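Chain by chain, the residues run as shown.
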Amino acid sequence: MRAIARDPFARTTLVREAIRPLADNRTCDFCGGGTSRRRNAPCLFRFGTEPDAVHPRVAWHRGAFCSRSCHDAYHD
């Protein structure tokens, strides 16, 4: 799991996790691409929000995406 963006006013962090191996014919939920744009390996990412807390629990967002821009466009 990797921290992508921090929102200090909401006290949350946007995190992502690679989904490997991909299920058959699984593509990005927004653009339909099957791989990450920066990697050549077939992987997608799932994104979630992690709050500031003693024992934080990640709230995973719906869908699998090839990039943060696809995630943001899908959920906006």
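S.K.: Describe the side chain of His71, naming the residues involved and giving the relevant values.
M.R.: Structurally, the position occupied by His71 is in helix α1 (residues 68-75). Residue class for His71 comes out buried when judged on its relative accessible area of 4%. Setting aside residues up to four positions removed in sequence, His71 forms contacts with Leu14, Phe47, His61 and Phe65.

S.K.: Run through the confidence of the model for the protein chain, naming residues and quoting values.
M.R.: Residues with a pLDDT of 70 or more make up 84% of the protein chain, whose mean pLDDT is 86. Averaged pLDDT values for the elements of the protein chain fall to 92 in strand β1 (residues 2-7) and rise to 96 in strand β4 (residues 59-60).

S.K.: Any details on the pattern of salt bridges? Residues and values, ideally.
M.R.: Evaluated as defined, the whole model comprises 4 salt bridges. Between Asp52 and Arg11 there is a salt bridge, with the nearest N and O atoms lying 3.6 Å from each other. Of the two residues, Asp52 is situated in the loop between β3 (44-51) and β4 and Arg11 in the loop between β1 and β2 (12-19); the sequence distance between them amounts to 41 residues. For Arg11, a relative accessible area of 51% translates into the label exposed. Across the salt bridge formed by Arg68 and Asp72, the nearest N and O atoms sit 3.4 Å from each other. One end of the pair, Arg68, and the other, Asp72, are both in helix α1, 4 residues apart, so they sit about a helical turn from each other.

S.K.: Residues and numbers for the nonpolar core, please.
M.R.: With 11 residues, the main nonpolar core is built from Leu14, Ile19, Cys28, Cys43, Leu44, Phe45, Phe47, Ala64, Phe65, Cys66 and Cys70. Elements with a contribution of two residues or more to this core: β2 and β3. Per-element accounting of this core gives the leading share, 3 residues, to β3.

Rules used in this analysis
Here the residue numbers are simple positions, counted from 1 along each chain's written sequence. With the structure being a predicted model, the display of local features is reserved for residues of pLDDT at least 70 and the display and counting of side-chain atom pairs for 80 or more, all residues being used for whole-chain, interface and lining totals. Based on all heavy atoms of the structure, the side-chain values leave hydrogens and waters out of the count. Secondary structure elements are defined from DSSP: runs of H or I of at least 4 residues count as helices, runs of E of at least 2 residues count as strands, and each element is numbered from the N terminus. The buried label goes to any residue with under 20% of its type's maximum accessible area, the exposed label to any with over 50%, and the partly exposed label to all in between, with areas taken from a 1.4 Å probe on protein chains only. In this analysis, two residues are considered to be in contact whenever any of their non-hydrogen atoms come within 4.5 Å of each other. In predicted models, pLDDT denotes the confidence assigned by the predictor to each residue on a 0 to 100 scale. A carboxyl oxygen of Asp or Glu within 4 Å of a side-chain nitrogen of Lys or Arg is what we treat as a salt bridge. In this text, buried Ala, Val, Leu, Ile, Met, Phe, Trp, Tyr and Cys residues form a nonpolar core when linked through side-chain atoms within 4.5 Å.

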